[in-house]
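# Observations on the three-dimensional arrangement
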Amino acid sequence: MEILHVTNLQTPCLNIPVFSGEQRRTAPTVIVKKIARAITGTDWKELGIELLVVVLGVFLAIQADTWNERRNELHKEKALLESLHSDFETNQQIAERRADEYAKAAEAALKLLDVSATDESQSSSDIYSLIDKAVYIRPPEFNSNTWDLLSASGQLTVIKSEDLKKQISEFHRTTSAYSRGLQEQVRDVSEALEEYVENNLDVVRYIYQIHPDDLRFLEFEHDDAIELGDPARRELRNLSILTWHVARDYEGNMTRTLEIRQEIEDSLTEELKRFD
């Protein structure tokens, strides 16, 4: 092998090996032999153990992350189920109160119907006390805070039970329809009451307030014995019948609401048992 000396003005002298023809032919063989010696000198058992340790470490790290994520998901699901359970306990109280109010309104409406059927003098305060009880029909407003939050934030997937989600969705859809329907019927009652008041101002002496969502008489000015004429009895009868039907319909609706609510509570209780 000869050495060529290459120089120029910009670079230092470079010694470039020049292989002869024979050396060029044997160079690849030398390289292969060096690689072979390196391979045969490797401790493959030790290398395999090290590789296994690395793979096992990565696997365990992934499993730990997965387990931690799953634990967080379960904790979140449990908290939401407990919140829903609390909401439906509140809804039971709301439905029971409304059912009681509607039952009392229906009872007062029947008494008003009896008043409208008699020719005898009636106490004005008694009449308007009955009207007060009969028309006091408020739409139910159920607690849907947790469900609304889940729907708005797109977190419904946190709850795994599809049947439970369908039950709760149907409950809120049905009760919302009840509230809308009752608001419309309360307006009808309000109009009937206004008609009665406008047509009987000569015998009606009281201070009243009429509002579609809260029909309440504030106080009475007098307690007179009055005789209702035929128009007054007819209008009172119409008001009584309308109010009775509305009250009884929604008393029945609240009974069905309580039944549905109980089914949902049973489902929630079963779901929560998974976390015991």
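Right, let's walk through the structure included here. (Residues numbered from 1 in each chain as written. Predicted model: local features only at pLDDT ≥ 70, side-chain atom pairs only at ≥ 80, totals over all residues. Heavy atoms only, no water.)

### What about a negative patch on the surface?
On the surface, a cluster of negative charge is contributed by Glu 184, Asp 188, Glu 191 and Glu 194. Relative to the helices and strands, Asp 188 is located in helix α5 (residues 162-199). (Patch = residues over 30% accessible without salt bridge, like charges linked within 9 Å, V, L, I, M, F, W, Y side chains within 5 Å. Areas by Shrake-Rupley, 256 points an atom, 1.4 Å probe, with all protein chains shown as cover. Salt bridge = Lys/Arg side-chain N within 4 Å of Asp/Glu carboxyl O. Lys, Arg positive; Asp, Glu negative; His and termini not counted. Charge placed at Lys NZ, Arg CZ, Asp CG, Glu CD. Helix = DSSP H or I, 4+ residues; strand = E, 2+ residues; numbered from the N terminus.)

### Some points on the side chain of Thr 146
Within the secondary structure layout, Thr 146 lies in helix α4 (residues 145-153). Residue Thr 146 is classed as buried on the basis of its relative accessible area, which comes to 7%. In this view, Thr 146 contacts Leu 80, Ser 83, Leu 84 and Asp 87; residues no more than four positions away in its chain are not counted. (Buried < 20%, exposed > 50% of the residue type's maximum accessible area, 1.4 Å probe, protein only. Contact = heavy atoms within 4.5 Å.)

### Observations regarding the pattern of salt bridges
What the rule picks out here adds up to 12 salt bridges. The partner of Lys 165 in a salt bridge is Glu 162, and the shortest N-O contact between them spans 3.1 Å. Taken together, the residues Lys 165 and Glu 162, both in helix α5 and three residues apart, mark about one turn of the helix. Judged by relative accessible area, which is 12%, Lys 165 ranks as buried. Ionic pairing is found between Arg 248 and Glu 251, a salt bridge with its closest N-O pair at 3.3 Å. Here Arg 248 and its partner Glu 251 are both found in helix α6 (residues 230-272), three residues apart, which amounts to about one turn of the helix.

### Section: the nonpolar core
The biggest cluster of nonpolar side chains holds 47 residues, and the ones touching the most others in it are Ile 131, Ile 137 and Leu 239. Taken together, the elements giving at least two residues each to this core come down to α2 (44-116), α3 (124-135), α4, α5 and α6. The residues contacting Ile 137, other than those within four sequence positions of it, are Tyr 102, Ala 105, Leu 182, Val 186, Thr 243, Val 246 and Ala 247. (Core = buried A, V, L, I, M, F, W, Y, C linked by side-chain atoms within 4.5 Å.)

### Regarding the packing of aromatic side chains
By convention here, two paired aromatic rings are described through the distance between centres and the angle between planes. By the definition in use, this model includes four aromatic pairs. Their ring planes at 85° and their centres at 6.3 Å tell us that Tyr 178 and Tyr 250 sit as a pair that is edge-to-face. A residue pair is termed long-range when its members are at least 10 positions apart, and Tyr 178 in helix α5 and Tyr 250 in helix α6 qualify at 72 residues. Take Tyr 178: its relative accessible area is 14%, and that puts it in the buried class. For Tyr 250, a relative accessible area of 6% translates into the label buried. (Phe/Tyr/Trp six-rings, centres within 6.5 Å; stacked < 30°, edge-to-face > 60°.)

Limitation: the analysis is restricted to geometry and does not speak to function.
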